[in-house]
Structure formats: C-alpha cells, structure tokens
Amino acid sequence: MKHAYREKALAVVALAWSFASFGATTWYANVANRSGTEDGMSEATGFVKIQDAVDLAADGDTVIVLPGTYGEEQGARSDYSVEKDGVTYTSRSRVVIGRNITLKSRDGADATHVVGRWHDAAAGVAVGENAVRAIAITNETGAVVQGFTVRDSSTVTSAVNIAPAYGGGIAGPFTVA
C-alpha cells in the first residue's frame, strides 16, 4: 500500500513536469498569409495581424513573426490612457503586449518591419491624436521583443510629462541589452 502512494506521487510529479516542460505554445503571424485559414498554429496559417497572435499567447509562449511589413492593415489598439490637468491622453499601438511572452521575428530586423504612424506625415508633424507607435509593453512582465525594425512611429503628445508621451517606436518597461 505504501508503494502505491509513492508510485502515484511520482506519476503526478512526472505529469506536472511534462506540462511545465512542454506547456509553452508557439504562435505565428504572417502578413502574407492568403491561405484562407488563420489559426496561428503554423507559418502557413499564421495570423495576418501580429496582435491576434499576441492576444492568444499565454505567459511563456512565443509569437514568431514572419517577414513582411506590418503597418496600417494591422490596425491600432489603445495602450496607455492617463489624465493630466483635466485632459485625457490615450495613445495607440500596432502591437500591445501585456503578458510575459516572447515576440520574435523569424528572419530578423532587415526582413520584418512594424510601422506606426505619424500624426500628419505629409505636414511633417509626428505627435498628435492620429499618431500610432509600433509596440507597447503595458506591464512589467518580462516580455521579450526581438528582431524587428520599428519605424515611422510616434505618440500622442510631447507636451506633457506622462506615459503616452514617450516611446514613439516602442514604449513600456523594458531593458535594451
């Protein structure tokens, strides 16, 4: 009887180890996907929008982004919103990360671009309500972003000392290594 408990305990430990070791999922984004299927489970069926893969990723997961330019078709999502002197400033980003995930370009920065938007590029005005940054990390989870060119990005305002005013390309609590 004593051995039966030990065997069950060892089986539970082995099962927990297998879930811990193999529990992470790899998701894919592929702006060139024209397969008609977007489930994010393979390069061929990767989500056209990076954010769709990020939204499904759980802590510890990886999102692999295939080569291409991820810009206007990606849309934009609100990331930071704060009030200062009676005015609410809300910034938007192409990709908003709020979990401990790895967002990684498959082929590196030369091949994979995340493009924000200046408020009014034609007039040369970067900041303003139409501005979109490329990537925002919204909490201190230890998210990793690796292998992207981030360009043509801006943010809502540079007139006040608040979070939405910073990080035209990438914003959030991160360390550059």
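Procedures and definitions
Residues numbered from 1 in each chain as written. Predicted model: local features only at pLDDT ≥ 70, side-chain atom pairs only at ≥ 80, totals over all residues. Heavy atoms only, no water. Pairing = 2+ DSSP bridges. Helix = DSSP H or I, 4+ residues; strand = E, 2+ residues; numbered from the N terminus. Axes fitted to C-alpha atoms, helices over the stretch in contact; angles between N-to-C directions. Salt bridge = Lys/Arg side-chain N within 4 Å of Asp/Glu carboxyl O. Buried < 20%, exposed > 50% of the residue type's maximum accessible area, 1.4 Å probe, protein only. Core = buried A, V, L, I, M, F, W, Y, C linked by side-chain atoms within 4.5 Å. Contact = heavy atoms within 4.5 Å.

A closer look at the sheet that holds strand S9 (residues 144–146)
So, step 1. Taking strand neighbours across the sheet as the criterion, the four strands line up as S1-S2-S6-S9 in an open arrangement whose pairing is parallel. Each end of this open sheet is capped by a strand with a single partner; those strands are strand S1 (26–29) and S9. On average, each strand axis in the sheet is inclined to that of its neighbour by 15°, with strand direction left out of account.
So, step 2. Of the pairings in the sheet, the one linking strand S6 (residues 102–105) to S9 comprises three bridges and is parallel in character. Paired with Leu-103 across the strands is Val-145, a residue of S9.

Some remarks on the pattern of salt bridges
So, step 1. Under the definition given, this model contains five salt bridges.
So, step 2. A salt bridge links Arg-106 to Glu-43, with the shortest nitrogen-to-oxygen separation between them at 2.9 Å. Here Arg-106 is found in the loop between S6 and strand S7 (112–115), whereas its partner Glu-43 is found in the loop between S1 and helix H2 (50–56), with 63 residues between them in sequence.
So, step 3. Residues Arg-94 and Glu-72 are paired through a salt bridge, measuring 2.9 Å at the closest nitrogen-oxygen approach. Residue Arg-94 is found in strand S5 (residues 87–97), and its partner Glu-72 is found in the loop between strand S3 (68–70) and strand S4 (77–84); the two are separated by 22 residues along the sequence.
So, step 4. Using a relative accessible area of 2% as the deciding quantity, one classes Arg-94 as buried.

Notes on unusual backbone geometry
So, step 1. The backbone of Asp-152 shows a phi angle near 50°, a positive value even though the residue is not glycine.
So, step 2. Taking relative accessible area as the criterion, Asp-152 reaches 42% and is therefore assigned partly exposed.

Structural notes on the nonpolar core
So, step 1. Of all hydrophobic cores here, the largest spans 25 residues; its most connected members are Ile-50, Val-54, Val-63, Val-65, Ile-97 and Leu-103.
So, step 2. The contacts of Ile-50, once residues within four sequence positions are left out, are Ala-29, Val-65, Tyr-70, Gln-74, Val-95, Leu-103 and Val-114.

As for the sheet that holds S7
So, step 1. Spatially, three strands are ordered S3-S7-S10 in an open sheet, and the strand pairing comes out parallel. Bordering the open sheet on either side are S3 and strand S10 (149–151), each of which pairs with just one other strand. Mean inter-strand twist for the sheet, computed between neighbouring axes without regard to direction, equals 20°.
So, step 2. Relative to S10, S7 runs parallel, the two sharing three bridges. In the sheet register, His-113 faces S10, and the bridge partner there is Thr-149.

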